[in-house]
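Structural description and commentary
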Amino acid sequence: MVHTSNTTASHALIKHFTSKHRALPVYINPSRFGPLTHTFSSMAKPKIHFIFCFLLCNTLLSFFHCTLSLLDPEGEVGILVQADDVSMVQSNRDSRKRCDFSVGKWVYDDSYPLYDTNCPYLSSAVTCQKNGRPDSDYEKWKWEPSSCTMPRFDALRFLGRMRRKRIMLVGDSIMRNQWESLVCLVQGVIPTGRKRVTYNGPAMAFHAMDFETSIEFFWAPLLVELKKDPENKRILHLDLIEENARYWRGVDILVFDSAHWWTHSDKTSSWDYYMEGNNLIRNMNPMVAYQKGLSTWARWVDQNLDPRRTQVIFRSMSPRHNRENGWKCYNQKQPLPVFSHLHVPEPLVVLQGVLKRMRFPVYLQDITTMTALRRDGHPSVYRKVTSQDERQKPGKVLPSDCSHWCLPGVPDIWNEMLSALL
């Protein structure tokens, strides 16, 4: 209860309150001003009464303006992010009600996989069974979140939600891995002759004709533009993106990834120089370059997409299990049960920082930790057909792929999570 002994004190108190809290979303209970307004009505002059009403109305209008700005993703107010919020980097009001799918465990389920290796849209490098892999348990693990249930993928339900929509997966070969998985998950319920794949430059699209739905993949491993100069030098333009981004316009759901190419060593790097503005740069810390490239992507999304029409998801990096990381994926037959210590990769930290500064509500699909447990899911030496004699030949070192994923396999679970998010 607020009390005052004279009109001067009351005026000063109201002036202090409104000037200090005008920009804050404060709930105002009119009952608390009862004695105060009574004092003004009985003691103050009409002019003072008018000033009080003006200030009170101004405070209420400021309150409503601030509240509406928080609800409008296109307003000037930045998004609200909790410091401990890892997988939810968005401004949706119901973010706390959503399940954190990134925390859980792998559970063996004999009802998996959800399709078989005969899916006609699989590239040969990921059909590990056809390439001679002797075990198949890697196909039968599902992800069980700790705090909720992740629904089993339902192809008809997914296509029903995607009716008359375009969903595009943008990124590198790991994202193509996920695209092939998603196409194989849905194609079995579509009659022959009512599905097809088309190609348009760096893009390919699977069409479910009866649903007027397209599931597309766009090759852009760095998101920003990589070009060659007149001397055939490869230039990575950290502040240019429109050459790729023009393909993303008009898409209803965009799913991005970009990390692996940024972490390549000098020997396997895809560029010779960086360029930012007119500055040609020979050397730069890879994570600084990654942050600059992601920031260019973020600015384009903020400036060009409407959250009422387009949903944007950024999938975190898929871990490698190669010798450089101290792990080998060859002959691994089951997931790791736990980690001795949990390490958050630096690219994920950079990605979180960029997303938190965006105005557009982007959902971070965090698959990094759950996927790091799946060292058993890579093609390893089964990326192509190789005879047993050749594999056992003395001194023969076969190339081992510990980056991509056998299909059916781990990316199917990413798509179950994606379906649940959508």
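Residues numbered from 1 in each chain as written. Predicted model: local features only at pLDDT ≥ 70, side-chain atom pairs only at ≥ 80, totals over all residues. Heavy atoms only, no water.

Turning to the nonpolar core, a few remarks are in order. Ranked by internal contacts, the top residues of the largest apolar core, which has 50 residues, are Phe158, Trp179, Phe206 and Ile215. Mapped by element, the contributors of at least two residues to this core are strand 2 (141-145), helix 4 (155-161), strand 3 (166-171), helix 5 (173-187), strand 5 (203-208), strand 6 (213-219), strand 9 (253-256) and helix 11 (410-421). With 8 residues, helix 5 is the largest single contributor of residues to this core. Apart from the residues within four sequence positions on either side, phenylalanine 206 is in contact with Tyr121, Trp179, Val183, Val186, Gln187, Ile190, Lys195, Arg196, Val197, Thr213, Ser214 and Ile215. Core analysis: the second largest hydrophobic core is formed by 44 residues, Ala220, Trp248, Met287 and Leu305 among them. (Core = buried A, V, L, I, M, F, W, Y, C linked by side-chain atoms within 4.5 Å. Buried < 20%, exposed > 50% of the residue type's maximum accessible area, 1.4 Å probe, protein only. Helix = DSSP H or I, 4+ residues; strand = E, 2+ residues; numbered from the N terminus. Contact = heavy atoms within 4.5 Å.)

Here we take up the state of the cysteines. A full pass over the atoms with the stated rule returns 4 disulfides. Across the disulfide from cysteine 99 sits cysteine 148; the S-S distance is 1.5 Å. With the S-S bond torsion at -65°, the cross-link from cysteine 99 to cysteine 148 turns out left-handed. Here cysteine 148 lies in the loop between strand 2 and helix 4 and cysteine 99 lies in the loop between helix 3 (46-71) and strand 1 (104-108), a separation of 49 residues in the sequence. Since its relative accessible area comes to 25%, cysteine 148 is described here as partly exposed. One disulfide in the model links cysteine 119 with cysteine 184; its S-S distance is 2.0 Å. Disulfide cysteine 119 to cysteine 184: torsion about the S-S bond roughly -90°, handedness left-handed. Here cysteine 184 lies in helix 5 and cysteine 119 lies in the loop between strand 1 and strand 2, a separation of 65 residues in the sequence. Neither residue differs from the other here; cysteine 119 and cysteine 184 are each classed as buried. Cysteine pairing in the protein chain follows 1-4, 2-5, 3-8, 6-7, where each cysteine in a disulfide is numbered by its order in the sequence. (Disulfide = S-S within 2.5 Å.)

With that settled, the discussion passes to the sheet that holds strand 8 (residues 234-237). As summarised here, the arrangement of the 4 strands in space is 7-8-10-11, forming an open sheet in which the pairing is mixed. If you trace the sheet from one side to the other, it starts and ends with strand 7 (225-228) and strand 11 (279-281), each paired once. The mean inter-strand angle of the sheet, taken between neighbouring strand axes irrespective of direction, is 30°. Bridging between strand 8 and strand 10 (residues 273-276) involves 3 bridges; their strand directions are parallel. Its bridge partner being in strand 10, isoleucine 235 is matched across the sheet by tyrosine 273. (Pairing = 2+ DSSP bridges. Axes fitted to C-alpha atoms, helices over the stretch in contact; angles between N-to-C directions.)

So, on to helix 5. Look at helix 5: 21 Å from first C-alpha to last across 15 residues, which is about the 21 Å you get at 1.5 Å a residue. Taken across its 15 residues, helix 5 has 13 buried, putting it largely inside the fold. Sitting at the head of helix 5, aspartate 172 places a side-chain oxygen 3.0 Å from the backbone nitrogen of isoleucine 174. (Expected span 1.5 Å × (residues − 1). Polar contact = N/O pair within 3.5 Å; in protein donor to acceptor, adjacent residues only side chain to side chain.)

In this section: the sheet that holds strand 3. Pairing within the open sheet is mixed, and its 7 strands lie in the order 4-5-6-3-9-12-13. At either margin of the open sheet sits one strand with a lone partner, and together these are strand 4 (195-200) and strand 13 (362-365). For this sheet, the mean inter-axis angle between neighbouring strands, taken without regard to orientation, is 20°. Strand direction decides the pairing type here: strand 5 and strand 6, joined by 6 bridges, are antiparallel.

With 19 residues, helix 7 (residues 286-304) extends 27 Å between its outermost C-alpha atoms, agreeing within 8% with the 27 Å of an ideal straight helix rising 1.5 Å per residue. The set of residues buried in helix 7 consists of Met287, Ala289, Tyr290, Gly293, Leu294, Ser295, Thr296, Trp297, Ala298, Trp300 and Val301. On its buried side, helix 7 packs onto helix 6 (242-245), strand 9, strand 10, strand 12 (311-315), helix 8 (346-356) and strand 13. You can read the cap of helix 7 off the contacts: a side-chain oxygen lies 2.8 Å from the backbone nitrogen of methionine 287, and it is on asparagine 285.

Consecutive side chains of a regular strand alternate in pointing toward one face of the sheet and then the other. The two faces of strand 2 differ: Trp141, Trp143 and Pro145 on one face are buried, but Lys142 and Glu144 on the other face are not. The sheet contact formed by strand 1 and strand 2 spans 5 bridges and is antiparallel. Pairing of tryptophan 106 across the sheet is with tryptophan 143, part of strand 2.

This brings us to the packing of helix 7 against helix 8. Viewed as axis vectors pointing N to C, helix 7 and helix 8 meet at an angle of 35°, and their least axial separation amounts to 10 Å. Helix 7 and helix 8 meet at a crossing whose hand is right-handed. The segment helix 7 lies against helix 8, with Met287, Tyr290, Gln291, Leu294, Ser295, Trp297 and Ala298 engaging Glu346, Pro347, Val350, Leu351, Val354 and Leu355. Looking at the contact of helix 7 with helix 8, its residues break down into 10 nonpolar, 2 polar and 1 charged. (Left-handed = near helix turned anticlockwise from the far one by under 90°. Nonpolar A, V, L, I, M, F, W, Y, C, P; charged D, E, K, R; others polar.)

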